[in-house]
Amino acid sequence: MALKVFQRLQLLRQTGAHLCPPGELSHTRLLSVPIGEPMCVACLWTSADRCIQRQGCRKLSQPNCGRMSLSTITKDPFYTAGSVSLHKDSVPRFRLSQLHLPTDAEEKAFHDRLVSCSSSRQVLRLLRTVEIMSDTMAAAALHRVADIEQDGTSLKDPKVLEEDTLRALCCQLEQDSGRLTEAGLVSSLLACTRLYVDPWSTLVVRLVSESQERLDRGQMSVGQLCTLGQALQALEGPGCGMLEQLMVQVQRQEPGEWSLVELTAVYRLLQAGVGEEGRYQDLLNAMHTYTVSVTSRMDPPAVSSVLSALVVLNQTQAMPLVISLCKQAVRHIPHFRDEELGLVLGALMHFGHSDHFLVEAMERHVPKMTFTSHPETVTKVMQYFGRRNILSLPVFDAVAESFVYRADEYSTSQVARQIMPFGKLGYLPPNAGEVFRKVEAILHARFSHFQPRTLLNLLHSCILVERFPVNFVSKVFNRYFLQQLQEQGSGVDRIVLAQLTQLYMTVKLECPFYEGPRLLPKYRVKSFLTPGRSLETPVDGHLYNYVKTGLVDLLGARTYFASRVLTPYCYTLDVEIKLDEEGYVLPASQIDDIYKRIAVCIDGHKRFTVNTRQLLGKEAIKQRHLRLLGYEVVQIPYYEFEKLWNKTEVVEYLHKKIFPLSYRLSW
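These lines cover the structure that appears in this document, whether it is placed above or below.

Parameters and conventions
Residues numbered from 1 in each chain as written. Predicted model: local features only at pLDDT ≥ 70, side-chain atom pairs only at ≥ 80, totals over all residues. Heavy atoms only, no water. Axes fitted to C-alpha atoms, helices over the stretch in contact; angles between N-to-C directions. Helix = DSSP H or I, 4+ residues; strand = E, 2+ residues; numbered from the N terminus. Left-handed = near helix turned anticlockwise from the far one by under 90°. Contact = heavy atoms within 4.5 Å. Nonpolar A, V, L, I, M, F, W, Y, C, P; charged D, E, K, R; others polar. Expected span 1.5 Å × (residues − 1). Buried < 20%, exposed > 50% of the residue type's maximum accessible area, 1.4 Å probe, protein only. Salt bridge = Lys/Arg side-chain N within 4 Å of Asp/Glu carboxyl O. Pairing = 2+ DSSP bridges. Phe/Tyr/Trp six-rings, centres within 6.5 Å; stacked < 30°, edge-to-face > 60°. Lys NZ or Arg CZ within 6 Å of the ring centre and 35° of its normal.

**Considerations on the packing of helix H4 (residues 120-129) against helix H6 (residues 164-175)**
Turning to step 1, where the next piece is worked out: As a packed pair, H4 and H6 sit with axes 9 Å apart at the nearest point and diverge in direction by 60°. Of the two elements, H4 crosses H6, and the hand of that crossing is left-handed. Here Leu 124, Leu 127 and Arg 128 of H4 come into contact with H6, specifically with Thr 165, Leu 166 and Leu 169.
Turning to step 2, where the next piece is worked out: A class-by-class count of the residues in the contact of H4 with H6 yields 4 nonpolar, 1 polar and 1 charged.

And the structure:
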């Protein structure tokens, strides 16, 4: 008994057992120092009213907590190491020794209950019911509050920081920062940044100061260094001096010595800004090499995290790793959370990679999730298939079905991005009538909510699949809307002008009853074929040369057909052949007495979806418009031409395609 009393008295001398009445707390206390009173550098650096050092400043004896330190009610001066003791309805009291730590089972049970909390009040209620708590448990509680309350760059309810339980917990973390474990210390500091605690509060300053001391000792694990790095990034940005010291310690170990958790933590740290401007590229290269060998052991969060980091760090040279991660992602498709699946698909779009095994896995999974997943996840799925030109009927049909029922809860951007792939790939789902009636209803209800370019993309996608938004074209062609398009940047870029022009041509050719405003000439382009993004796909050079040679043999001379002809209607013809009234082929240079024009479309692989023989929407509308303009359209698809073995077969094929009703004499 005497020994226990002696131990308690010793602990009281060490801790001072400060009381911090809530009434004495201030969030706006300024640095105020009486003239002549000695203070240490740490005092001057912070706005605290006492020193953050343990010796060397007599302000340590003052009982007040700093600006963001929280109040504490003391019930018993004896506390266990790294634990928070809660006595009935009291607020938590945090004191450290090396006795009576919670067991692993108790910690796990606490974390399970913490994850189940859906509000900050539930977290605080949980804290009041726990009798003993480690510093890592305390940090986890702060992180859970941040998970619940974070809203962009602020908290949904900033008053949560005024709760007595939370204030007491943070005050104890501040007072006993020197006794925290490395894991508890860095996790608590990171939690403070996520809760947007004042960086100049004594709580944060003490945790940073203690972290610097631990960093100087060089005993932190890679995972702890990464957690500290994330906190420092949030506090001071990538130029923080401690970050450089921290990265030196990270680089002392080979990536092959790290666990998977540490490996992904380093990727996240570099992604957060430490690796910007090409810094630590040698470290990244070593990490990529090692990661390729361990991707088969990565769980869904790790796969999505590393892929996301590769995108942010723009590691275009790491394609072997991207391919390896994609293969591992195939196994995890049913197990990704919505956010993780979105990151994976975003990364694969960024690196331009697709995998037929991934497509098959998506075809099995997407029909099950379209009605329950987050709208942005469903949108990302459609963007991926649209960007990669992959027409998947199970995916597109499932999304079309869910769109009819869920579109009212989608943002205008999500509505447009889900419809655009249908237009790009030229596909109408079985319930196309319901889908586009829903699109029309949304346009009527929320027309003014659409960003101008988002609206134009949506309307342009509709015309690619012969759905004509006549009721809204007049609003697009008016001066106010066109002015809005210009205000979004410096002028209107060429692809926007091309979309406007094609929309105008569609109304003229396919909606002759339209009597609304016309598109002014200054907003029209002369050609849909432009470098980069284009409303036409350039002809495949190799396929064109084979067809050209066959046409020379068929027609007898090169002068009887023209190549890459720009028409007055903005479309470029791969080959044009002119005929007189009797069906004879005219020289390409002749401009009079032309009875018929034949447009030969030499359609290579890039004019079709990658996995089917479906023409892309922009190629389908081109051929449709050429027919309406009076051309006889002859399609030469790659999959037919590639079956021909010799010149004779080529000539015979072209003759049957272009002149199916005429008899050809041998030259």
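**Quick word on helix H7 (residues 182-194)**
Turning to step 1, where the next piece is worked out: Helix length check: H7 (13 residues) gives 19 Å between terminal C-alpha atoms against 18 Å at 1.5 Å per residue, within 8%.
Turning to step 2, where the next piece is worked out: By the criterion of burial, H7 is predominantly enclosed, with 10 of the 13 residues buried.
Turning to step 3, where the next piece is worked out: Within H7, burial applies to Gly 184, Leu 185, Val 186, Ser 187, Ser 188, Leu 189, Leu 190, Ala 191, Cys 192 and Thr 193.
Turning to step 4, where the next piece is worked out: Considering only its buried residues, H7 is in contact with helix H5 (135-149), H6, helix H8 (202-217) and helix H9 (222-236).
Turning to step 5, where the next piece is worked out: Downstream of H7 by one or two residues, Tyr 196 has phi in the positive range, about 60°.

**Quick look at the pattern of salt bridges**
Turning to step 1, where the next piece is worked out: Following the criterion strictly, the structure yields 24 salt bridges and no others.
Turning to step 2, where the next piece is worked out: A salt bridge links Asp 176 to Arg 179, with the nearest nitrogen and oxygen atoms 3.1 Å apart.
Turning to step 3, where the next piece is worked out: When the shortest N-O distance is used, the salt bridge between Glu 619 and Arg 607 registers 3.9 Å. With Glu 619 in helix H26 (residues 617-628) and Arg 607 in the loop between strand E8 (596-603) and H26, the pair connects residues that are 12 residues apart, well separated along the chain.
Turning to step 4, where the next piece is worked out: Of the residues examined, Glu 619 reaches a relative accessible area of 1% and is grouped as buried.
Turning to step 5, where the next piece is worked out: The exposure class of Arg 607 is buried, given its relative accessible area of 2%.
Turning to step 6, where the next piece is worked out: Linked through salt bridges whose partners overlap, the residues forming this network are Asp 574, Asp 603, Arg 607 and Glu 619.

**Comments concerning the pairing of strand E5 (residues 562-566)**
Turning to step 1, where the next piece is worked out: The sheet contact formed by E5 and strand E6 (residues 572-579) spans 4 bridges and is antiparallel. Each bridged residue has a counterpart across the sheet, and for Val 565 the counterpart in E6 is Leu 573.
Turning to step 2, where the next piece is worked out: Linking E5 back to E6 in an antiparallel pair, the connection comprises 5 residues, with Cys 570 at a positive phi of about 80°.

**Some remarks on the packing of aromatic side chains**
Turning to step 1, where the next piece is worked out: By the definition in use, this model includes 13 aromatic pairs.
Turning to step 2, where the next piece is worked out: With a centroid separation of 5.4 Å and an interplanar angle of 85°, the aromatic rings of Tyr 638 and Tyr 639 are classed as edge-to-face. Taken as a pair, Tyr 638 and Tyr 639 share a single burial class, namely buried.
Turning to step 3, where the next piece is worked out: An aromatic cluster of at least three residues, connected via ring pairs, comprises Tyr 384, Phe 385, Phe 396, Phe 422 and Tyr 427.
Turning to step 4, where the next piece is worked out: Sitting above the plane of the Phe 447 ring, Lys 475 keeps its charged end 4.6 Å from the centroid.
Turning to step 5, where the next piece is worked out: Arg 564 extends its terminal NZ or CZ atom over the ring of Tyr 544, reaching a point 4.4 Å from the ring centre.

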